[in-house]
Amino acid sequence: MFLITGATGNVGSQIVDQLLAVGKSVRVFTRDPAKVSHWENRIEVAPGDFANPESLRRASAGVEAIFLMNGGLAIGALSQLLAAIMAEGRPRIVFLSSLLASEPGRFQIGRAHIEEEDAIRTSGLSAHFLRPGGFMSNAYQWAGSIKAQGVVYNAMGTGKSASIAPEDVAAVAAKILTSPDGLDPILELTGAELLTVPDQVEILSHALSKTIQCIDVPVEAAIEGMIGNGMPARFASAVAESLKAIRDGQGEQRTDTVERIIGRSPTTFEVWAGKHRSQFRNSHSSE
Ligand SMILES: NC(=O)c1ccc[n+]([C@@H]2O[C@H](COP(=O)([O-])OP(=O)(O)OC[C@H]3O[C@@H](n4cnc5c(N)ncnc54)[C@H](OP(=O)(O)O)[C@@H]3O)[C@@H](O)[C@H]2O)c1
């Protein structure tokens, strides 16, 4: 039995699908069981909240390995969650960290993930740490302005990055959950193509058969926009650090880890955009 946290999220939902496809038993941890009802009786549901370690203890009973993501938690809470997991046994952990953790001290988000990785290392549980770069699904942030105005506001200028499909992060996670032998404990994951935001917008435009304009905005405007959309100011400024690094041409890391582990090239943005195009269309639209 595998326990998947974040099972309603970009990565976790794909892990559940991929494990079920190869006949594995899956339990999902969620605050809202209604959000996982589409899997019907093919999964076990463990209702719970990271704010309630006891709920994670119950969810961990009898599992072989856990896909653990942070749900935006502070380090103190993660230590309590690890204690709760260890009250039920010693499952292997596959932790969703970040490529920003590979540049120690540079990024707030990286520092937070390093602290979390360290807490897991200190626990003594056997663990693998996935460090993906930016997700292709970050493009969902553009869905509102694409639907309303046919516009993407871009704070990353013409800086390039090799974003990764959550499906590929999930495929690596599923591989480690089911057959971890010989795999490095830290896996840095990126896509294969270096693209600018204007490149991605052009690809989306083709996928949607719709003209989308890309408008350059300063990073400060992006911070205001994130705060306006409800993101806490501290978190918005942390996200802005990585936008700025990409804008300044410092986001071009690429690794071959996905291909080495799952034996196929990473998903291209064109394929990802084609698969998820409905997210960028008005529901009543015939576009
Ligand atoms: N976006 C990127 O470019 C990027 C790059 C590298 C690393 N990352 C890391 O990836 C993670 C986000 O992954 P994602 O995009 O797959 O997630 P996501 O789509 O943002 O979904 C968030 C998930 O967190 C769960 N969650 C939130 N608060 C929770 C709580 N209190 N208790 C239990 N579950 C909770 C939600 O579950 P329920 O609502 O079902 O409870 C949901 O499944 C973050 O740690 C981020 O740092 C992101």
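Residues numbered from 1 in each chain as written. Predicted model: local features only at pLDDT ≥ 70, side-chain atom pairs only at ≥ 80, totals over all residues. Heavy atoms only, no water.

Caption draft 1: Region of the structure containing the overall build of the chain. Looking only at helices and strands, the chain has 11 helices and nine strands in total. Radius of gyration (C-alpha) of the chain: 19 Å, near the 19 Å computed for a compact globule of 287 residues. With the C-alpha coordinates aligned to their principal axes, the bounding extent of the chain is approximately 55 × 45 × 40 Å. At a minimum sequence separation of 6, the contacts of the chain that also span at least 24 residues come to 75%. (Helix = DSSP H or I, 4+ residues; strand = E, 2+ residues; numbered from the N terminus. Rg over C-alpha atoms; globule rule 2.2 N^0.38 Å. Contact = heavy atoms within 4.5 Å.)

Caption draft 2: Region of the structure containing helix α1 (residues 10-21). The first and last C-alpha atoms of α1 sit 17 Å apart over 12 residues, in line with the 16 Å expected at 1.5 Å per residue. Here α1 has its buried residues at V11, G12, S13, Q14, I15, V16, L19 and L20. Buried residues in α1 make contact with β1 (2-4), β2 (26-30), β4 (65-68), β5 (92-96), α6 (166-178) and α11 (269-275). Looking at the residues trailing α1, positive phi occurs at G23, about 80°. (Expected span 1.5 Å × (residues − 1). Buried < 20%, exposed > 50% of the residue type's maximum accessible area, 1.4 Å probe, protein only.)

Caption draft 3: Just the site of the ligand, in detail. Around the ligand, 24 residues are found, and the nearest of them are T8, T30, R31, K35 and F135. Between the ligand and H113, the relevant distance is 3.1 Å, taken from an oxygen atom to a side-chain nitrogen or oxygen of the residue. With respect to the ligand, the side chain of N138 contributes an N or O atom lying 2.8 Å from an oxygen atom. If the ligand stood free it would expose 920 Å²; the protein chains cover 79% of that surface. (Near = heavy atom within 4 Å. Polar contact = N/O pair within 3.5 Å; in protein donor to acceptor, adjacent residues only side chain to side chain. Areas by Shrake-Rupley, 256 points an atom, 1.4 Å probe, with all protein chains shown as cover.)

Caption draft 4: Structural context of the packing of aromatic side chains. Taken as a whole, this structure holds six aromatic pairs when the rule is applied. Taking the centre distance of 6.5 Å and the plane angle of 75° together, the rings of F95 and F129 count as edge-to-face. One end of the pair, F95, is in strand β5; the other, F129, is in strand β6 (residues 127-132), and 34 residues separate them in sequence. By the burial criterion, F95 is buried, and F129 matches it. Three or more aromatic residues joined by ring pairs make a cluster, and in this case those are Y140, F269, W272 and F280. Sitting over the ring of F129, R121 keeps its end group 4.6 Å from the ring centre. (Phe/Tyr/Trp six-rings, centres within 6.5 Å; stacked < 30°, edge-to-face > 60°. Lys NZ or Arg CZ within 6 Å of the ring centre and 35° of its normal.)

Caption draft 5: Highlighting the sheet that holds β6. Taken in spatial order, the seven strands make up an open sheet running β3-β2-β1-β4-β5-β6-β8, and their pairing is parallel. Among the strands making up the open sheet, the edge pair consists of β3 (44-47) and β8 (186-189). Going from strand to strand, the sheet's axes swing by 20° on average, the running direction of each strand aside. As paired elements, β1 and β4 share three bridges and run parallel to each other. Residue pairing in the sheet places I4 in a bridge with F67 of β4. Strands in contact with α1 are β1, β2, β4 and β5; relative to β1, the strand with the most contacts, it is inclined by about 155°. (Pairing = 2+ DSSP bridges. Axes fitted to C-alpha atoms, helices over the stretch in contact; angles between N-to-C directions.)

Read these as spatial facts, not as claims about activity.
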